[in-house]
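Coordinates in review
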Amino acid sequence: MDLHLILAIVVVSALAFDFTNGFHDTANVVATSISTGAASPKAAIAFAALLNFVGAFISIEVAATIASDVVNQSAISGAGSLNVVFSGLVGAIAWNLVTWYFGLPSSSSHALIGGIVGAALVDSGSGAIETAGLVGKVLIPAVVAPILAFVVAALAIGLSYRIVRNLRPGPVNRGYRLGQIVSGGLLALAHGTNDAQKTMGVITLALIADGALPAGSNPPTWVIVASATAIALGTYSGGWRIIKTTGMRIIKMDPAQGFSAQGAGAAVIMASSHFGFPLSTTHVINGGVMGSGVAKRISAVRWGVAGNIVTAWILTLPAAAVIGAVTFGVTSLFGSGPVGPVIISAIAIVLIVIAFVRRSRQTEVVDVQAEGA
Amino acid sequence: MEPFASVVNTTDLFETVAAAFVASLAIALVSSLGIWGGTKYVDYSQEGRGVTALLALGVGVFGLLATVGIIGLGIALMVTK
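Residues numbered from 1 in each chain as written. Chains lettered and ligands numbered in written order. Predicted model: local features only at pLDDT ≥ 70, side-chain atom pairs only at ≥ 80, totals over all residues. Heavy atoms only, no water.

Caution is warranted with low-pLDDT regions, since their predicted coordinates should not be read in detail. Residue and element names in this part refer to chain B. Residues with a pLDDT of 70 or more make up 89% of chain B, whose mean pLDDT is 88. Ranking the helices and strands of chain B by mean pLDDT puts helix α2 (residues 10-46) first, with 93, and helix α1 (residues 4-7) last, with 58. With pTM at 0.83, the complex prediction returns an ipTM value of 0.90. (pLDDT = per-residue confidence, 0-100. Helix = DSSP H or I, 4+ residues; strand = E, 2+ residues; numbered from the N terminus.)

Turning to the interface of chain B and chain A, a few remarks are in order. Counting residues at the interface gives 32 residues for chain B and 39 residues for chain A. With both sides pooled, the region where chain B packs onto chain A buries about 3100 Å², and carbon together with sulfur makes up 79% of that total. At the boundary of chain B with chain A, the tally comes to one salt bridge. The salt bridge involving Arg-168 of chain A is made with Asp-43 of chain B; its shortest N-O contact spans 2.5 Å. Seen at the junction of chain B and chain A, the total is three residue pairs in polar contact (both at pLDDT 80 or more). Within the residue set of the side of chain B that touches chain A, elements represented by two or more residues are α1, α2 and α3 (50-80) of chain B. It is α2 of chain B that contributes the most residues to the side of chain B that touches chain A, 23 residues altogether. Its residues assigned to classes, the side of chain B that touches chain A comprises 22 nonpolar, five polar and five charged. (Contact = heavy atoms within 4.5 Å. Buried area = accessible area lost by both parts, 1.4 Å probe. Salt bridge = Lys/Arg side-chain N within 4 Å of Asp/Glu carboxyl O. Polar contact = N/O pair within 3.5 Å; in protein donor to acceptor, adjacent residues only side chain to side chain. Nonpolar A, V, L, I, M, F, W, Y, C, P; charged D, E, K, R; others polar.)

Let us now look at the packing of aromatic side chains. Residue and element names in this part refer to chain A. Taken as a whole and judged by the stated rule, the model has two aromatic pairs over all chains. Judged by centre distance (5.7 Å) and plane angle (50°), the rings of Tyr-176 and Phe-259 are tilted. In this pair, Tyr-176 sits in helix α7 (residues 169-210) while Phe-259 sits in helix α10 (residues 255-274), placing the two residues 83 residues apart along the sequence. We classify Tyr-176 as buried; its relative accessible area is 1%. (Phe/Tyr/Trp six-rings, centres within 6.5 Å; stacked < 30°, edge-to-face > 60°. Buried < 20%, exposed > 50% of the residue type's maximum accessible area, 1.4 Å probe, protein only.)

Okay, the environment of Ile-34 of chain A next. Among the secondary structure elements, Ile-34 of chain A is positioned in helix α1 (residues 2-35). The spatial distance from the C-alpha of Ile-34 of chain A to the C-alpha of Thr-331 of chain A is 42 Å, given a sequence separation of 297 residues.

Moving on, we get to the packing of α7 of chain A against α10 of chain A. Residues and elements named next belong to chain A. Closest axis-to-axis distance for the α7/α10 pair is 8 Å, and the angle between their directions is 25°. When the interaxial angle is binned, α7 and α10 end up roughly parallel. Relative to α10, α7 is oriented so that their crossing is left-handed. In terms of residue class, the contact of α7 with α10 is built from 11 nonpolar, 13 polar and one charged. (Axes fitted to C-alpha atoms, helices over the stretch in contact; angles between N-to-C directions. Parallel < 35°, antiparallel > 145°, perpendicular 65-115°, else oblique. Left-handed = near helix turned anticlockwise from the far one by under 90°.)

Structure below.
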C-alpha cells in the first residue's frame, strides 16, 4: 500500500514535471514564429500544443534511454528507488521553476537527468549510474546537438539568402513566414517526440522499480497518453517570459532566419529522437537561433544574453543533481515510506504557488510601468 | 577511462549528424527555390514574359512539392523505426 502511494506520488510528480517542461519549453517552439510575425501568439501556442501531443506518439526510443541507460535498474529497486525517482523529479521541477522565475531558457531534460543522477548517487553510490549510457547517450549528444544546430542553421540561412538575395523583400518575407508555420509545426512535433518521452521513461522506470513492470519494459499506452496530454497542456499554458528571451533578445530575426533556426532545430531533434538521444530542445533551438544570426553578421547576436543562457545550461545538470540529492537526503530522514514524499510534495506546492504569485505581481508592475512610459 | 567508441555509438551519432545536415539543407534549398519561383513568376508575369514566368512557376511548384515530400519522408522515417 505504502509503495503504491509513493508510486502514485511519483507518477503525479512526473506528469507535473512534464507540464512544467511544456510550459517552460513553449518558448523554444513558438518564440521565433511569434517574433517574426509568422503567427499570432495564441495561434502559435495552440498549434504547438496540438503537435506536441501528436509528437509524443511517434517514437519511444528516448523513453527507453531514460528508463534504462541513465541509472542501473537493478541497483535501485523497492521503496527507496521510488524515492530516488521522486527526488530526481523534485530537483528537475525546482530547477525549471527557478530558471522560469528568472526568465532563463535552461534545459528541462538535463534538469531531469541531473536530478535523478544526484538522488541515485546519494542512494546507491556511483554503481547506480550507467556511466556509459550517461556519457554516450546524454552528455556527448548534449554538447554535439547545439553546435550541430548552430552550424546547420548558419549553412541553411546562408544557402537561403544566396537563392533569394536579388528578390523583392516583401514576397520573400511572406514566403518564409508561411514556411515558418510549417517549420514551427515540425519543431513542435519534434519537441513532443523528444521531451514527452523523457516523462514516459521516468514513469516506466518508477513502474519497474515498483515491480509493476519487468525490467526492460517499454512504456504502457496509458503512460504515453498521459505524458502527451501533460506536455501539451503545459505548452498551451505557455511561458511568456522565456519567449521574450529566445525570440527577441538573442537576435532580432527576419522570417528567413526564423525558418532556418526552426528547420535546423526540428531536423536535429527528430534525427536524435530516432536514435534515442534525449536532447535538450532548449539547447538545440537556441543553437539554431544563434547560428542563423551569426550567418548574417556576428554582431547580430547579443552575446551577453547568449552568455547568460550558456551559463544556465552549464549550471543545470549539477544544480538539479544537488537539489535531487538534498531532496533524497531529506526524504530518507522519514524512512522509505510515503511520509517523506508527501511532506516534500506539500512544501513544493506551497513554494510553487508563492513563486507564481510573486512573479505575476512583478509582471503586473512591469506592465503598468510599460503602459505609463 | 573507456575509449570514446566504446561509450558512444559513433554510427548512430554520425547518422544523426548526417541526417540533420541533409534534411536541413535540403529543406532550405527547396523551400527557397519555391519562394524564388513564386516571386519570379509574379515579376515576369507583370513584365509580360509569359514563358519565363511559367518556367519560374514550375521551379516554385517543384520547390513547394519537394518541401512537402522531404518533410513527409522525414516523419515516415521517424515512425517506421
